[in-house]
Amino acid sequence: MELSDATLVLACRRGDAHAWEALVERYQRLICSIPRHSGLNEDEVADILQQVFTKLIEKLDDIEQPERIRAWLVTTARRETFEVLRRNRRAVAAHLQNIQPDAEEIVNVPSDAPLPEEILVQLEAEHALRSSVAVLDERCRTLLTLLYYSREPLSYAEIAARLGVSEGSIGPMRGRCFEKLRRILSELEN
């Protein structure tokens, strides 16, 4: 059974190394996805990951709601990402200013890219879905992985053969697995 965020945070406060490993493993992908989706390079992403967990170590005893550690980590990663983007933007503007006098106008060209808030909402939803799939029973986890996470789409016949069930049972089994997934996602929201 997977430990709750609050349990992990409290164990981290006691210096439990396994709790730290579990917390990092649980959230490093989500944290890294924020600067990656903002266009930062891998070195900057790694620096932000390290900075977020360094700040967590520094502020661990000050966190009043350990069950909301995910929100704290996401907010911290966003702030760190925005700071790097702001520094990068200033550097580009300074460089362009040396090339042409109206360089600031070039830096402020509107973009069609999604806003950071939209990206963050999508990343949080993806993280919640991955976390929920991970706690499903093995049969449902395997079925959903074969249906939706395979590189090449598999036919129901191929999936049935891998699961050792009849092809006609895949649809009803998928429906039951989706219902379990909905319940888990609902529990995560509360």
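Residues numbered from 1 in each chain as written. Predicted model: local features only at pLDDT ≥ 70, side-chain atom pairs only at ≥ 80, totals over all residues. Heavy atoms only, no water.

**Digging into the state of the cysteines**
Rule in force here: Disulfide assignment relies on a single distance test, namely cysteine sulfur atoms paired within 2.5 Å. To qualify as a helix, a DSSP run of H or I must reach at least 4 residues; to qualify as a strand, a run of E must reach at least 2; elements of each kind are numbered from the N terminus. Remark: exposure states derive from per-residue accessible area (1.4 Å probe, protein chains only) relative to the maximum for the residue type, with buried under 20%, exposed over 50%, and partly exposed in between.
Counted by the stated rule, this structure contains one disulfide. A sulfur-sulfur separation of 2.2 Å characterises the disulfide bridge that pairs Cys140 with Cys177. Classification of the bridge connecting Cys140 and Cys177 rests on its S-S torsion, roughly -80°, and on that basis the disulfide is left-handed. Taken together, the positions of Cys140 in helix H7 (residues 138–148) and Cys177 in helix H9 (residues 170–189) put the pair 37 residues apart, joining distant regions of the chain. For Cys140, a relative accessible area of 3% translates into the label buried.

**A few points about a nonpolar patch on the surface**
Our working definition: Nonpolar side chains (Val, Leu, Ile, Met, Phe, Trp, Tyr) within 5 Å and like charges within 9 Å form the patches, drawn only from residues with over 30% relative accessible area and no salt bridge. Computed with the Shrake-Rupley method and a 1.4 Å probe, the accessible areas treat only the protein chains shown as cover for residues. Here, a salt bridge means any side-chain nitrogen of Lys or Arg that lies within 4 Å of a carboxyl oxygen of Asp or Glu.
On the surface, Leu129, Tyr148 and Tyr149 cluster together to form a nonpolar patch covering roughly 300 Å² of accessible area. One can find Tyr148 in helix H7. Judged by its relative accessible area of 45%, Tyr148 is partly exposed.

**Focus on the side chain of Asp5**
The test is simple: Between N or O atoms, a polar contact is any pair within 3.5 Å; within protein, one atom must be a potential hydrogen donor and the other a potential acceptor, and residues adjacent in sequence are included only when both atoms are from side chains. Should any heavy atoms of two residues lie within 4.5 Å, those residues are counted as being in contact.
Examined against the element boundaries, Asp5 turns out to sit in helix H1 (residues 5–13). Of the polar contacts made by the side chain of Asp5, one reaches the side chain of Arg26; its length is 2.5 Å. Once you skip the residues sitting within four places of it in the chain, Asp5 turns out to touch Arg26, Tyr27, Pro66, Glu67, Ile69 and Arg70.

**Quick word on the nonpolar core**
Quick reminder of the rule: Joining through side-chain atoms within 4.5 Å is the link that ties buried Ala, Val, Leu, Ile, Met, Phe, Trp, Tyr and Cys residues into a set, and such a set is a nonpolar core.
The biggest cluster of nonpolar side chains holds 29 residues, and the ones touching the most others in it are Leu23, Tyr27, Ile31, Phe53, Leu56, Ile69 and Leu73. Every element with two or more residues in this core is listed here: H1, helix H2 (17–37), helix H3 (42–59), helix H4 (69–99) and helix H6 (116–135). Counting residues per element, this core draws most heavily on H2, which supplies eight residues. Judged by nonpolar contacts, the second largest core, of 13 residues, contains Cys140, Leu144, Ala160 and Cys177.

**Some thoughts on the pattern of salt bridges**
Scanning all chains against the criterion turns up nine salt bridges. Across the pair Arg26 and Asp5 runs a salt bridge, and its minimum N-O distance is 2.5 Å. Note that Arg26 is positioned in helix H2 and Asp5 in helix H1, a separation of 21 residues in sequence. Here Arg26 matches Asp5 in class, with each residue buried.

**Focus on H3**
Condition: The span you would expect from a helix comes to 1.5 Å times its residue count less one.
Its 18 residues give H3 an end-to-end C-alpha distance of 26 Å, which sits within 8% of 26 Å, the value for a rise of 1.5 Å per residue. Its side-chain oxygen at 3.0 Å from the backbone nitrogen of Asp43, Asn41 defines the N-terminal cap of H3.

**Description of the confidence of the model for the chain**
Note that predicted coordinates carrying low pLDDT should not be read in detail. What counts here: Values of pLDDT, the confidence the predictor places in each residue, fall between 0 and 100.
When pLDDT is averaged along the chain, the result is 83, and 84% of the positions lie at 70 or above. Here residues 101–107 is a poorly scored stretch, pLDDT under 50, and it has twelve contacts once near neighbours within four places are set aside; other chains count.

**Remarks on the side chain of Glu80**
Inspection of the secondary structure assignment puts Glu80 in helix H4. Not counting the four nearest positions on each side in its chain, Glu80 is found in contact with Ile48, Gln51, Val52 and Lys55.

**A closer look at the environment of Arg139**
Looking at the secondary structure, you find Arg139 in helix H7. As for Arg139 and Met173, which are separated by 34 residues in sequence, their C-alpha atoms are 9.3 Å apart. Sequence-distant contacts of Arg139, defined by excluding residues within four places in its chain, comprise Val165 and Met173.

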